[in-house]
Amino acid sequence: MESYIFLVSILCLLVVKVHCRCYKLEESQNQYLTYESSSIDFTESSNFQLSFKTTKANSLLYYSESEYRDDDAPLDYEGLYIYEGILHYFIFNPTIYGGGFSRGAHVKTDKEVNNGTWITVEFFRNKEGLVPGAFSDSNPITMNQTGIIINGDKFAFDGTIDKMDVADQKLYVGGHSELAVRIDKQGKLGGFDGYIDMFKDLKSNTELDPMEPGKLFESKECDRNSPLPLA
């Protein structure tokens, strides 16, 4: 009997831990999750994983930015977002001389992800990967890449992106109009409406916990076998 009680207790702890990672965010309430980055090394490179479920066609999923310039705009910023149902990863990293030039990247997939089912995506900046050699695909070379992996398919930009000035800045999952407008100046993007199940730093293999008010959005409704109704 004691062994049975112990086993049940362990299972309950595991269930609670899983549920505590699941959040329901509503766009109408401008809800999003905020994460501290002081323990995350993502200035030179980054590698994150995110699971979500939504039916919204235009939506901000992830956003981070540097300190602000004198004109009340961030120096560097990056975002993972859905636009017309397709997943994008955008990095803005201007040169030291400004002038509108950027050493960033824009990676676009061909995956529709607003289908009301669970999607797990890996997005990365300056991660080492194998690319075909100059004369033969059978002799690949190692090169830094920036991009997205979804359903086993990689969409990547080859080459090194300059470091981002994002040390000790906050990370946002989900979003509201003030964050989304940084990515989409026309204001079509909007916030997130749906479920977030996991946000993980793959460089340290650590699942991240949001700050308050993230705990307010905890949900017991993250059944991976139950799709959302399409909008």
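Let us look at the structure shown here. The shown structure was predicted, so the numbers you read here are calculated from the model rather than taken from an experiment.

## Re the pattern of salt bridges
A complete count under the given rule lists five salt bridges for this structure. Among the ionic pairs, R125 bridges to E78, the shortest N-O distance being 3.2 Å. A residue pair is termed long-range when its members are at least 10 positions apart, and R125 in strand 8 (residues 119–131) and E78 in strand 5 (residues 77–83) qualify at 47 residues. Just as R125 is buried, E78 falls in that class too. The partner of D153 in a salt bridge is K111, and the shortest N-O contact between them spans 2.6 Å.

## Quick look at the pairing of strand 3 (residues 46–54)
Along strand 3, nine of the nine residues are buried, which leaves the element largely enclosed by surrounding structure. Residues S46, F48, L50, F52 and T54 point to one face of strand 3 and N47, Q49, S51 and K53 to the other, with burial holding for every one of them.

## Considering the packing of aromatic side chains
Under the criterion given, the structure shown has 12 aromatic pairs. Between F42 and F48, the ring centres sit 6.1 Å apart and the planes meet at 70°, which makes this aromatic pair edge-to-face. Under the relative-accessibility criterion, F42 is labelled buried at 2%. With a centroid separation of 6.2 Å and an interplanar angle of 45°, the aromatic rings of Y77 and F90 are classed as tilted. Remark: F90 occurs in strand 6 (residues 86–92) and Y77 occurs in strand 5; sequence separation between them is 13 residues.

## A word on the environment of P140
Relative to the elements of secondary structure, P140 occurs in the loop between strand 8 and strand 9 (141–150). What makes P140 partly exposed here is its relative accessible area of 41%. For P140 and L130, which are 10 residues apart along the polypeptide, the C-alpha to C-alpha distance reads 5.8 Å. Setting aside its immediate chain neighbours within four residues, P140 contacts L130, V131, P132 and G133.

## What to know about the sheet that holds strand 7 (residues 105–112)
With respect to topology, six strands assemble into an open sheet ordered 2-11-4-5-6-7, the strand pairing being antiparallel. Two strands lie at the open edges of the sheet, namely strand 2 (32–35) and strand 7, each paired on one side alone. Pairs of neighbouring strands in the sheet enclose a mean axial angle of 10°, with direction left out of account.

What counts and how
Residues numbered from 1 in each chain as written. Predicted model: local features only at pLDDT ≥ 70, side-chain atom pairs only at ≥ 80, totals over all residues. Heavy atoms only, no water. Salt bridge = Lys/Arg side-chain N within 4 Å of Asp/Glu carboxyl O. Helix = DSSP H or I, 4+ residues; strand = E, 2+ residues; numbered from the N terminus. Buried < 20%, exposed > 50% of the residue type's maximum accessible area, 1.4 Å probe, protein only. Phe/Tyr/Trp six-rings, centres within 6.5 Å; stacked < 30°, edge-to-face > 60°. Contact = heavy atoms within 4.5 Å. Pairing = 2+ DSSP bridges. Axes fitted to C-alpha atoms, helices over the stretch in contact; angles between N-to-C directions.

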